[in-house]
Amino acid sequence: SPTLVWIRRDLRLSDHAALVAAVERGGPVIPVVLRDASVEGLGAAPKWRLGLGLETYAEALEAKGSRLILRSGDARDVIPALVRETGAGAVYWQRAYDPASVARDSDVKAALKEQGIEAKSFAGHLMFEPWTVETKQGEYYKVYTPFWKSVRDRDVPVPLSAPSSLPAPDHWPDSEALADWDLAMAMDRGADVVRPFVQLGEQAAQTRLGAFMATKVADYDRTRDIPGVDGTSNLSENLSLGEISPAQCWHAGQRAMQDGKPGAETFLKELVWREFAYHLMWHTPRILSSNWREDWDAFPWNEDADSAEVTAWKQGRTGIRFVDAAMREMYVTGRMHNRGRMIVASYLTKHLMCHWKIGMDWFDHCLIDWDPASNAMGWQWSAGSGPDATPYFRVFNPVTQLDKFDKDRDYVSRWIAEEYSDPHKDALSYFDAIPRSWGLSAGDTYPDPVVGPDEGRKRALSAYENRDF
Ligand code: FAD
């Protein structure tokens, strides 16, 4: 009988345990993707990027003699119905770890078992599944460094090869058309401006990894913090949709370490930050929606997402160059350098005293590398409300940060056009990407700071010191 392989955020053929197991089971393999609440609930850019990813993935499946079947609806109904329709004897998938997916998957598993159908989930989105890492006291980790020490010497299974072909059924079940899913509909910014920055699909991801290992990883520990240098792997976009597996990145990093490349260990540590984010989300799902440290509930956050200050922040018009450059980078490329993410998050939550959720929601809307766990952890880390967070009183000064990390102003001049006689093409493309209703143009004067570095710092610290929480 056929095996349904339920594809979610794992748009690859290699290192895909569920696909390999389906081929080994014998019989036809039917890959299926659902447009369910987990897809409907995505922000504009992640949804658009998913649409592009699915298109490429369907082509990759076709090259193996297979197809991607698309269906809409709740998995609890659609998967059992598709099993009946195709006569499938088994359903395989790769595990997800966010609370809504976990609840959905366990319901589906129970329903299939009741039908007498084999239902099996596999690891792959993570190397160190959250329940496999614990402290000596049998608890989960709240601090990164001991988490890293406890996993760094583990054996990560060697990545699996892609199946050479995927056996097709005699009759394919009907599929909806991807175009009808309208995944690009909410993308209210110039998608044609963002598109050239996207590197789509498994092959592109492998090429990115190879290029990073050949030319960048050696210096990664020195260059990864400099946003004007393209010194990082840029793989977050592909990891987010599973176009590459973390284990594939890990093994490449291990080889680079054996080759004596000094930056390789730092790269492995960053991959483990991603694992740590999932560890926290799994053990404390509240990290996605409320202050991880509950005493922060009493902090006097500004929660007005439509205030003039928040609008200036979203539009890259705060008058603070490091912040504005980073916000525009995200708007144009769908991604933002990690140093930029830390600076804009610190400015929003400390200088502007806005709730971190406002920032997280805007990132959910804008990022093509959106990841539920890393985004929530990054925001709570920056705000000071998370586990192992930067303390609230550590307020980044976005002006001195610029002297430290963008000495020659490569980053700022790439992304800010106003008042430059010969602006960079990327800085100009920002004005092609933004909605007309924002009423901005490259010829505008650059704004004065909405809240200056010292003023904001003083205000934030005094709110913190006077806190009654
Ligand atoms: P590299 O430097 O090449 O690192 C390799 C991989 O390690 C990354 O692709 C990523 O998977 C992982 N990684 C690196 N740094 C981190 C980190 N700090 N936390 C978790 N994983 C990390 N990352 C996302 O993938 N999606 C998000 O939605 C996201 N939101 C963030 C929000 C804030 C406020 C902050 C401070 C950070 C956020 N990050 C997020 C983490 C980090 O900024 C990005 O992973 C990184 O910039 C991606 O670039 P890269 O692929 O070139 O990373």
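Residues numbered from 1 in each chain as written. Predicted model: local features only at pLDDT ≥ 70, side-chain atom pairs only at ≥ 80, totals over all residues.

Within an unreviewed UniProt entry, the label attached to the chain reads Deoxyribodipyrimidine photo-lyase, and the organism entered is Marivita lacus. As recorded by UniProt, the Sequence similarities (unreviewed entry) comment attached to the chain reads in full: "Belongs to the DNA photolyase family." (UniProt positions renumbered as here; feature names shortened; annotations may be inferred.)

Draft legend 1. Quick peek at the site of the ligand. As a structural note, the neighbourhood of the ligand is formed by 27 residues, with T232, S233, S236, N375 and G378 the closest of them. Split by residue class, the shell around the ligand holds 11 nonpolar, 10 polar and 6 charged. (Near = placed C-beta within 6 Å. Nonpolar A, V, L, I, M, F, W, Y, C, P; charged D, E, K, R; others polar.)

Draft legend 2. How the structure looks around the UniProt feature "domain: Photolyase/cryptochrome alpha/beta" (unreviewed entry) in the chain. Feature annotation in UniProt places "domain: Photolyase/cryptochrome alpha/beta" (unreviewed entry) on residues 1-127, given in this structure's numbering. With 48% helix and 20% strand, residues 1-127 has end C-alpha atoms that lie 31 Å from one another. (Helix = DSSP H or I, 4+ residues; strand = E, 2+ residues; numbered from the N terminus.)

Draft legend 3. Just the sheet that holds strand β3 (residues 69-72), in detail. Pairing in this open sheet of 5 strands is parallel, and the strands run β3-β2-β1-β4-β5 from one edge to the other. At either end of the open sheet lies a strand with only one pairing partner, and these are β3 and β5 (118-122). Sheet twist, expressed as the mean angle between neighbouring strand axes with direction ignored, is 25°. Here strand β4 (residues 90-94) pairs with β5 via 5 bridges, running parallel. Among the inter-strand pairings, Q94 is bridged to a residue of β5, identified as F122. On top of the sheet, helix α5 (residues 99-114) reaches β4 and β5; it is set at about 150° to β5, its chief contact. (Pairing = 2+ DSSP bridges. Axes fitted to C-alpha atoms, helices over the stretch in contact; angles between N-to-C directions. Contact = placed C-beta atoms within 7 Å.)

Draft legend 4. The arrangement of unusual backbone geometry in detail. Of note in this structure, D15 is not a glycine but carries a positive phi near 45°. Looking at the secondary structure, you find D15 in the loop between β1 (3-6) and α1 (17-25). Residue D15 is classed as buried on the basis of its C-beta count, with 23 C-beta atoms lying within 10 Å. If you check the backbone angles, D182 has positive phi at about 50° while not being a glycine. Mapped onto the elements, D182 comes out in the loop between α6 (144-151) and α7 (191-194). (Buried ≥ 20, exposed ≤ 12 C-beta atoms within 10 Å, placed from the backbone.)

Draft legend 5. Geometry of the domain arrangement of the chain. Domain boundaries in the chain define domain 1 (1-125), domain 2 (126-157 + 200-283) and domain 3 (294-465). Between the C-alpha centres of domain 1 and domain 2 the distance comes to 25 Å. Contacts between the two partners involve 18 residues from domain 1, matched on the other side by 16 residues from domain 2. The residue inventory of the side of domain 1 that touches domain 2, partitioned by class, reads 8 nonpolar, 5 polar and 5 charged. (Domains from an automatic or database assignment.)

Draft legend 6. How the structure looks around the pairing of β3. Side chains I69 and R71 project from β3 onto a buried face, and the interleaved L70 and S72 project onto a face without burial. Where strand β2 (residues 29-35) and β3 come together, 4 bridges link them in parallel fashion. From the neighbouring strand, V32 faces β3, where its bridge partner is I69.

Draft legend 7. Up close: helix α14 (residues 321-333). In this model, α14 (13 residues) spans 18 Å end to end at C-alpha, consistent with the 18 Å of a helix rising 1.5 Å per residue. Counting buried positions along α14 yields 13 of 13 residues, so the element is predominantly enclosed. The positive-phi residue at the C-terminal boundary of α14 is G334, with phi of around 80°. (Expected span 1.5 Å × (residues − 1).)

Draft legend 8. View of helix α8 (residues 201-216). Under the 1.5 Å per step criterion, the end-to-end length of α8 is 21 Å for 16 residues, consistent within 8% with the ideal 22 Å. Within α8, the full set of buried residues consists of G201, E202, A205, L209, F212, M213 and K216. End-on view of α8: buried residues confined to an arc of 145°, all on one side of the axis. Facing away from the buried side of α8, by more than 90 degrees, are the exposed residues T207, G210, A214 and T215. Buried residues in α8 make contact with α3 (44-63), α9 (220-223), α10 (236-240) and α11 (246-258). (Arc of directions from axis to C-beta.)

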